[in-house]
Amino acid sequence: MSAASRFLRRITPQLVTLAAVLASIAIVFPGFFEISIANGRLYGSAIDILNRGAPVALLAIGMTLVIATKGIDLSVGAVMAICGAVAASAVDRGMGLVPTLALAIGTGLACGLWNGILVAVLKIQPIVATLILMVAGRGIAQLITEGAILTFRHEGLIFIGSGTFLTVPMPVLIWLFTGVIVALVVRRTALGMLIEAIGINPRASMLAGVNTRVLLIAVYMASSLCAAIAGIIAAADIRGADANNAGLWLELDAILAVVIGGTSLLGGRFSIVASLIGAMIIQAVNTGILLSGFPPEFNLVIKAGIVLVILVLQSPTVQSAFIYFRRNKQSSPADAKTVVQ
Amino acid sequence: MLSRKAWIGAGVLASMAFMASGAVAQTIGFSQIGSESGWRAAETTLTRQQAQERGIDLKFADAQQKQENQIKALRSFIAQGVDAILIAPVVATGWDAVLKEAKEAEIPVVLLDRMVDSSDDLYLTAVGSDLVHEGKVAGEWLVSETNGKECNIVELQGTTGSSPAIDRKKGFEEAIADKSNLKIVRSQTGDFTRAKGKEVMESFLKAENGGRNICALYAHNDDMAVGAIQAIKEAGLKPGEDILIVSIDAVPDIFLAMAAGEANATVELTPNMAGPAFDALAAFMKDGTTPPKFIQTESKLYTQADDPKAVYEAKKDLGY
Amino acid sequence: MSGSQPLLRATAVTKTFPGTIALDKVDFTLHPGEVHALLGENGAGKSTLIKCLTGAYRRDGGDILLDGMPIDPRNTLEAQSFGIGTVYQEVNLLPNLSVAENLLLGHQPVRFGMISGRTMNAAARTMLAQYGLDIDVSRNLDNFSVAVQQVVAIARAVSLSGKVLILDEPTASLDAQEVQMLFEVVRSLKERQLGIVFISHFLDQVFEISDRITVLRNGRLVGAEATADVDRVRLVNMMLGRELKQETRESGRTDRPEGMPAIRFQGFGKSGRIAPFDLDIRAGEVVGVAGLLGSGRTETAEVLFGVTPHDSGKVEEKGATLPLGSPRDAIAGGFGFCPEDRKGDGIVGDLSVRENIVLALQARRGWTKPLPARAQAAMAEEFIRRLDIRTPDAEKPVGLLSGGNQQKVLLARWLATHPRFLILDEPTRGIDVGAHAEIIRLIEELCAQGMSLLVISSELDELVAYSHRVIVVRDRRHVAELVGEDITTDNMVAAIARPDAGRADEAAT
């Protein structure tokens with residue numbers, strides 16, 4: 001089996017799920033797939049999904065790497081809030097776009113370094129280690145914005161959130177670009193394999209000479225870097241840093257995206273592309289609910305129901321039952337033939 | 001526990017001593033919830049300003065969204081023998097014991113902005129806004145603005161199940177109830193946030209023929225309206241003209257939008273709850289005038305005609 | 001015996017996994033009162049057959065008759081209720097519960113709705129008495145030796161099932177005395193007309209205990225015969241499908257390479273793990289390490305490889321000091337290490353054979369310098385061929401291979417780094433005869449190419465066969481060094497046993 005067909009086979013369940021979700025939205029809301037160009041930008045519900053899904057997609061990229069090492073990063077939502085606040089307060093003080101972005105991304109990397117040191121050096125369980133920043137991070141962000149929404153009017157920064165390049169919204173380009181770059185880096189270098197090795201058997205990896213400590217720190221820094229980009233986009237999108245709400249609960253959506261993407265929470269084999277499709281599935285469900293016009297009291301129940309169905313269909317038990325069923329169906333005509341002979 | 005009783009005892013003595021001496025300069029304790037929102041920060045700023053104007057010594061305690069911190073702060077105020085206490089309670093229940101302690105110490109308590117479930121003889125009065133009334137003011141503005149014209153309204157609700165969301169929806173619906181030209185065609189929660197306001201407005205626009213079916217937006221707070229305005233602009237429509245926008249709170253950013261002609265009206269939830277509270281306390285202490293149990297603040301309507309630029313300048317440093 | 005009605009009859013059992021046919025129409029018949037040995041190399045299909053019989057796997061084809069009735073167990077619990085019980089090499093009991101609780105878990109005697117401790121202990125004692133075991137059943141299971149735990153596991157399995165008992169390598173971690181104790185138990189069960197399936201790599205034990213032998217190879221049935229009718233050579237032939245060169249040697253190799261030591265450890269040790277020792281390694285030399293389990297063998301290997309960094313002494317190479325604070329340092333210095341616990345410390349189960357082979361080399365190069373995909377594939381193919389690794393292709397997850405093949409993959413991982421000094425901890429444990437011989441041949445080959453090796457083994461014959469020198473370890477210190485003609489099993493046993501009588505008994509068995 002070639003690498004390409006293995007890859008296709010890996011992401012097939014996610015693609016099928018995404019197609020099913022999109023198809024059901026199209027039934028409820030017929031104009032769903034219409035795309036036009038309005039005001040110099042692509043316009044349509046499908047574009048909204050790609051655009052609104054940007055933060056979760058970005059978080060899912062980093063989260064995939066962390067989960068592959070058998071870790072988890074609960075702090076990404078808070079890191080989004082911090083980095084958005086840092087970017088907003090930087091332009092508010094008159095800094096240029098490039099130093100502002102450098103400062104926000106640098107802050108994100110520092111958050112990742114902190115998480116990485118807690119996990120890799122102090123050997124604190126990832127869920128506990130990142131919980132610290134999850135709790136404290138939002139407070140830090142509130143300190144930066146002084147509790148209010150820090151509004152800015154810096155055109156350069158706003159462009160990142162709501163500008164377009166060749167009619168495509170910038171957030172879409174940014175998450176696609178980040179996803180492609182990270183996927184290429186982990187697969188074209190040995191990073192992916194070494195990360196998977198750590199997740200599957202950390203001791204064997206260490207004995208084989210894998211630098212587990214440095215790689216773990218790097219993975220948490222990558223996760224926070226993705227969160228920083230997501231935070232900048234979220235702030236730029238609403239032209240303000242909302243420390244109380246930016247990235248709130250998005251860590252859970254990111255984890256869910258990775259899980260829907262078929263990467264096990266027990267670490268090991270991962271697929272960034274599958275996680276990105278997972279993020280789009282989640283956003284498609286969100287957008288679909290908004291388009292459906294149901295009263296808002298049903299939002300969470302509908303979302304939970306759909307996620308439950310997806311996860312049940314992807315569960316090992318149902319999968320093996322499905323394979324069993326398919327094989328029986330295939331083999332029974334063959335059996336009949338032998339009887340005839 | 002023993003020491004707490006001793007403290008309270010000392011507090012009672014101290015407060016009696018104060019009253020006996022008839023000190024003119026008042027000391028008032030203020031237990032604030034925390035910095036949960038910009039509005040809350042503005043409330044704190046204005047409370048400090050109002051106290052300073054009246055020559056009141058304000059003792060400020062930030063509870064960081066925790067009831068136990070507020071109870072501690074109240075006990076400490078009682079022990080210090082303050083002349084009165086202002087509190088913005090973080091939750092509605094669980095205040096009986098500490099309010100009784102204040103009553104025994106003869107310290108009047110005024111509730112700011114939020115209510116408690118305790119018996120109303122445990123506090124002097126409550127100052128707050130009527131959320132239903134706010135919604136009604138917004139609705140009445142839209143009734144007069146449309147003046148009988150057909151108008152499809154989309155509504156951005158607050159957090160599902162929260163009392164501002166329920167009451168502001170109710171007030172607005174009451175105002176437009178008998179106007180057959182006004183119809184709410186879509187209503188969805190935007191969680192009081194800008195980001196969700198923008199996202200939900202995008203879906204409204206798609207669902208209502210690119211926004212051409214929408215004549216007005218009613219948002220339960222200004223933040224969601226600010227987010228929605230961006231969504232409308234990105235869809236190639238003109239907010240404030242193609243789609244009328246009315247919201248509630250009157251935070252500074254909405255005045256910027258109004259100055260730019262992108263928003264039409266907002267109903268003020270005044271952060272100045274302390275002013276009326278101090279006035280009521282002053283009257284009560286001077287000659288024992290008992291204020292009503294609920295003092296409703298004014299829900300002032302601002303439109304583009306009210307020099308939004310100037311209002312923005314006045315409000316922008318309040319900490320919103 | 002063949003005249004009696006078979007207790008268990010499996011016909012044409014077939015099981016396929018993606019890419020492999022693990023069992024291809026295998027027949028197996030077990031009579032009551034029979035000990036039936038199931039033999040085959042690793043990967044021959046023994047475990048798969050057992051798992052199909054016990055319901056751990058769903059078979060894809062074939063029938064299983066128990067007492068003439070067709071059965072189709074969906075899980076091990078159901079198989080147990082039919083009467084088929086299994087005891088694995090790693091005892092599947094709960095070490096932190098008492099012996100009595102382990103025996104009766106789920107079936108505790110209940111009195112007035114409460115579990116009665118006294119009744120339970122009495123019942124447990126009665127159960128164990130049948131096996132000639134008189135121990136304090138109220139103590140936790142982990143207080144007892146593996147052999148006792150093994151008997152407890154058998155007692156539990158027999159009490160729950162009572163018709164067929166499957167023993168999967170029960171003797172792998174037992175000493176000779178304990179093996180005899182276990183065999184007594186097996187014989188008593190045989191008298192009670194149980195059918196017993198016995199899986200082992202030890203041919204001596206197979207000949208001692210079994211009545212019939214079934215041999216599998218590559219998922220197919222090779223033959224089933226009465227033990228009395230086969231001899232050793234034929235059995236090995238059946239298992240391997242080829243003649244195994246019988247290599248025996250009385251004493252160690254005398255062709256120790258001349259010249260200066262390549263690597264010189266001086267006063268090297270780690271307090272609490274292994275006492276400081278001196279060790280010189282020459283190029284092309286095999287140093288054996290002999291000693292009982294827990295004597296300091298593995299500790300020696302781990303301190304040499306930097307797994308537990310040394311806290312005394314130094315290591316020199318041509319007068320220059322080598323840093324050796326971590327496995328990464330050791331690998332940078334040209335060391336390699338195949339650990340004893342293959343699954344826990346060695347393989348990365350979900351990664352492919354190819355990825356496991358390139359792992360150490362890739363880790364040394366760093367993640368920024370990936371081996372090109374083509375080079376990786378070529379390297380994997382080369383080692384699969386050279387070490388005869390049995391796998392359908394290089395992309396198969398290594399965890400699905402048999403133990404011997406996993407060991408070969410680990411060796412390949414280190415050979416890919418072209419080490420100067422390779423440490424092998426129990427390289428032949430738990431692997432089949434064929435792979436065993438191949439690994440010994442490989443050790444000799446590598447040493448002929450000038451590599452230095454340190455091999456830890458509990459098989460003294462094996463050490464005699466390939467070692468130039470043997471270090472004997474006892475009580476966490478190096479106590480003797482045997483060279484050339486002095487390397488004999490007798491001398492090693494003597495050195496291991498020397499100080500106190502208690503140890504001598506143990507070593508003599």
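What you see is a predicted model; the values in this text were computed from it and never measured. (Residues numbered from 1 in each chain as written. Chains lettered and ligands numbered in written order. Predicted model: local features only at pLDDT ≥ 70, side-chain atom pairs only at ≥ 80, totals over all residues.)

A. Expanded view of the sheet that holds strand 14 (residues 274-281) of chain C. Residue and element names in this part refer to chain C. Here four strands make up an open sheet; going across it, the order is 14-13-16-17 and the pairing antiparallel. The sheet is open, and its two edges are formed by strand 14 and strand 17 (320-321), each paired on a single side. Here strand 13 (residues 263-270) pairs with strand 14 via five bridges, running antiparallel. Following the sheet pairing, F268 is matched in strand 14 by F277. (Pairing = 2+ DSSP bridges. Helix = DSSP H or I, 4+ residues; strand = E, 2+ residues; numbered from the N terminus.)

B. Region of interest: the nonpolar core. Formed by 249 residues in total, the largest nonpolar core has its most connected members in L59(A), A60(A), L194(A) and I232(A). The element best represented in this core is helix 11 (residues 212-238) of chain A, accounting for 20 residues. Excluding anything up to four places from it in sequence, I232(A) contacts C83(A), G84(A), A87(A), L101(A), A104(A) and I160(A). Among the nonpolar cores identified, the runner-up in size contains 67 residues, and A22(C), L93(C), L189(C) and V433(C) belong to it. (Core = buried A, V, L, I, M, F, W, Y, C linked by C-beta atoms within 7 Å. Buried ≥ 20, exposed ≤ 12 C-beta atoms within 10 Å, placed from the backbone. Contact = placed C-beta atoms within 7 Å.)

C. Focus on the interface of chain A and chain C. Listed by partner, the interface residues are 21 residues for chain A and 24 residues for chain C. Listed by contribution, the elements that provide at least two residues to the side of chain A that touches chain C are helix 9 (191-200) and helix 10 (202-207) of chain A. Counting residues per element, the side of chain A that touches chain C draws most heavily on helix 9 of chain A, at six residues. Within the side of chain A that touches chain C, the residues separate by chemical class into 11 nonpolar, six polar and four charged. (Nonpolar A, V, L, I, M, F, W, Y, C, P; charged D, E, K, R; others polar.)

D. Molecular detail of the domain arrangement of chain B. Along its sequence, chain B is organised into domain 1 (2-128 + 271-289) and domain 2 (131-269 + 304-315). Computed over C-alpha atoms, the centres of domain 1 of chain B and domain 2 of chain B are 35 Å apart. (Domains from an automatic or database assignment.)

E. Spotlight on the arrangement of the chains. Of all two pairs of chains that touch, the greatest number of contacts is found between chains A and B. These two, chain B and chain C, are apart from each other, with no contact and a minimum C-alpha gap of 39 Å.

F. Quick peek at unusual backbone geometry. We note that K123(A) has phi near 60°; this positive angle belongs to a residue other than glycine. Take K123(A): it is sitting in the loop between helix 5 (97-121) and helix 6 (126-145). Assessed through the 9 C-beta atoms surrounding it within 10 Å, K123(A) is described here as exposed. Look at D67(C): it is not a glycine, yet its phi comes out positive at around 55°. Tracing the sequence through the fold places D67(C) in the loop between strand 4 (61-66) and strand 5 (69-70).

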